[in-house]
Amino acid sequence: MTHRRLPSLSALRAFEAAARHESAKQAALELSVTATAISHQVRGLEESLGVSLFVRKPRQLELTAQGRELQEVLESAFDSISTAVERLSAVPCRQAVTLSTTPAVAVRWLLSWVCLLRDSHPNIDLRIHASHEPVALDGVTADLAIRYGDGRWPGLIAEKLLDNTFIPACSPHLGLQDITQLPAYALIHFRPQVASSTALDWSMWQKQAQVPGLDVTAGLVFSDETHAIAAAVGGQGVALMGRELIEDELQEGRLVQPFGPELQGKPFYLVYPESRRNDPTILAIRDWVMSVPGGLCTLSG
């Protein structure tokens, strides 16, 4: 390895400033030191180099030939350093944010609109934590969450996003139209592995519908809501699904609601810690979620 033979960098900086201003006093103001310190640094540099860098006049410093040569090299070098520092400082820090939500909300509502977040905040790396189980919003496991419930979580700000209305839905190819025909069709059940007191199922629906001969314990059971929706679209039976999450299939005619009743479930909320209400990154994710088509903010706007 070749070792560079360089004078004191402080002395070089003092000389370059004095040469540029042609004044020890002006150099001192720029570098926030005294004029005496500038003069001391420059004389030390001259002694180390064995040359005179300035012709000292009463009110002006005039560069010698050797001083001019060194000044030109240092000016270019310091300009390059300054440009590199500005370029590196301009590179924004990337920030990772974890949003926890149910798999169905992630796949069927959020993921199609990640592009909006990427366009408005390209330096935020969004991490989706898909789970039916509430997790700690401690900045480690997750930062924000979309949860369904009554909107009251101690220590958290909760902003309503979506209603959660459960309806019977099936493929139009099944030809199901009359509620009395339902016992002849397979029921599709969604049962998350983590039990939830807010989950609605066919037994709750049957309490209102009172369909004769309907066995609400039979049928296909899925632990993933998206799989249950896919089975319904594929004509495998009749599912009890959140209407807001199958809106696309209903509008496109791939699923139909043949009859009621409808069950009103707990709404979905965006939640995040009260202590981070002014966190710019949290607010960026909050604004993105609120702007996603299909949410209450969008529907009411």
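Residues numbered from 1 in each chain as written. Predicted model: local features only at pLDDT ≥ 70, side-chain atom pairs only at ≥ 80, totals over all residues. Heavy atoms only, no water.

Undergrad: What am I meant to see in the sheet that holds strand S11 (residues 263-264) here?
TA: Strand pairing within a sheet occurs via backbone hydrogen bonds; the two strands may be parallel or antiparallel. If you walk across this open sheet you meet the five strands as S9-S8-S10-S7-S11, and the pairing is mixed. If you trace the sheet from one side to the other, it starts and ends with strand S9 (220-222) and S11, each paired once. Judged from the three bridges that link them, strand S8 (residues 187-190) and S9 form a sheet pairing that is parallel. What sits directly across from histidine 189, in S9, is valine 221. Most of the contacts of helix H7 (residues 202-209) go to strand S10 (residues 238-242), to which it runs at about 100°, and overall it touches strand S7 (165-169), S8, S10 and S11. (Pairing = 2+ DSSP bridges. Helix = DSSP H or I, 4+ residues; strand = E, 2+ residues; numbered from the N terminus. Contact = heavy atoms within 4.5 Å. Axes fitted to C-alpha atoms, helices over the stretch in contact; angles between N-to-C directions.)

Undergrad: It is not clear to me how the side chain of glutamine 206 should be interpreted in this structure. Could you clarify?
TA: When you line up the elements, glutamine 206 lands in helix H7. Those residues in contact with glutamine 206, other than ones at most four positions away along the chain, are Val211, Leu214 and Val216.

Undergrad: Just to check I follow, could you spell out helix H8 (residues 225-233) for this structure?
TA: Residue pairs spaced three or four apart in an α-helix point in one direction, given the helix's 3.6 residues per turn. Looking at H8, one finds that the buried residues are Glu225, Thr226, Ala228, Ile229, Ala231 and Ala232. Glycine 235 lies just past H8 and shows a positive phi near 80°. (Buried < 20%, exposed > 50% of the residue type's maximum accessible area, 1.4 Å probe, protein only.)

Undergrad: How do you make sense of the pairing of strand S6 (residues 156-162) when you look at a structure like this?
TA: Strand residues, when the strand is regular, have side chains that alternate between the two faces of the sheet. Of all seven residues in S6, five are buried, a share of seventy percent or more. One ladder, built from six bridges, connects S6 with strand S12 (residues 268-273); its direction is antiparallel. Residue pairing for S12: leucine 156 is matched across the bridge by proline 273.

Undergrad: Explain the packing of helix H5 (residues 103-110) against H8 to me, please; I cannot follow it from the model alone.
TA: Any two packed helices are characterised by the angle at which their axes cross and by the distance between the axes. Between H5 and H8, the least distance of the axes is 7 Å, while the angle of their chain directions is 60°. Classified by the interaxial angle, the pair formed by H5 and H8 is oblique. Residues Pro103, Ala104, Val107 and Arg108 of H5 lie in contact with H8, whose contacting residues are Glu225, Thr226 and Ile229. A per-class count over the contact of H5 with H8 returns four nonpolar, one polar and two charged. (Parallel < 35°, antiparallel > 145°, perpendicular 65-115°, else oblique. Nonpolar A, V, L, I, M, F, W, Y, C, P; charged D, E, K, R; others polar.)

Undergrad: Would you explain a negative patch on the surface in this entry?
TA: A surface patch of like charges, here negative, comprises Glu69, Glu72, Glu75 and Asp79. With respect to the element layout, glutamate 69 can be found in helix H4 (residues 65-90). Accessibility expressed as a relative area gives 55% for glutamate 69, which makes it exposed. (Patch = residues over 30% accessible without salt bridge, like charges linked within 9 Å, V, L, I, M, F, W, Y side chains within 5 Å. Areas by Shrake-Rupley, 256 points an atom, 1.4 Å probe, with all protein chains shown as cover. Salt bridge = Lys/Arg side-chain N within 4 Å of Asp/Glu carboxyl O. Lys, Arg positive; Asp, Glu negative; His and termini not counted. Charge placed at Lys NZ, Arg CZ, Asp CG, Glu CD.)

Undergrad: Would you mind going over helix H3 (residues 35-49) with me for this structure?
TA: Taking 1.5 Å per residue, 15 residues should reach 21 Å; H3 reaches 21 Å between its end C-alpha atoms and fits that length. For H3, the full list of buried residues reads Ile38, Val42, Leu45 and Glu46. Burial along H3 is one-sided: seen end-on, the buried residues are contained in an arc of 100°. Those residues of H3 that are exposed and angled more than 90 degrees off the buried face are Thr36, His40 and Glu47. One or two steps after H3, the chain reaches glycine 50, where phi turns positive at roughly 75°. (Expected span 1.5 Å × (residues − 1). Arc of directions from axis to C-beta.)

Undergrad: Would you mind going over the pairing of strand S2 (residues 60-63) with me for this structure?
TA: Judged by which residues are buried, S2 turns out to be one-sided: Leu61 and Leu63 face inward and are buried, whereas Gln60 and Glu62, on the alternate face, are not. Looking at chain direction, strand S1 (residues 54-57) and S2 are connected through four bridges and run antiparallel. Along S2, the bridge assignment pairs phenylalanine 54 with leucine 63. The loop that links S1 with its antiparallel partner S2 comprises two residues.

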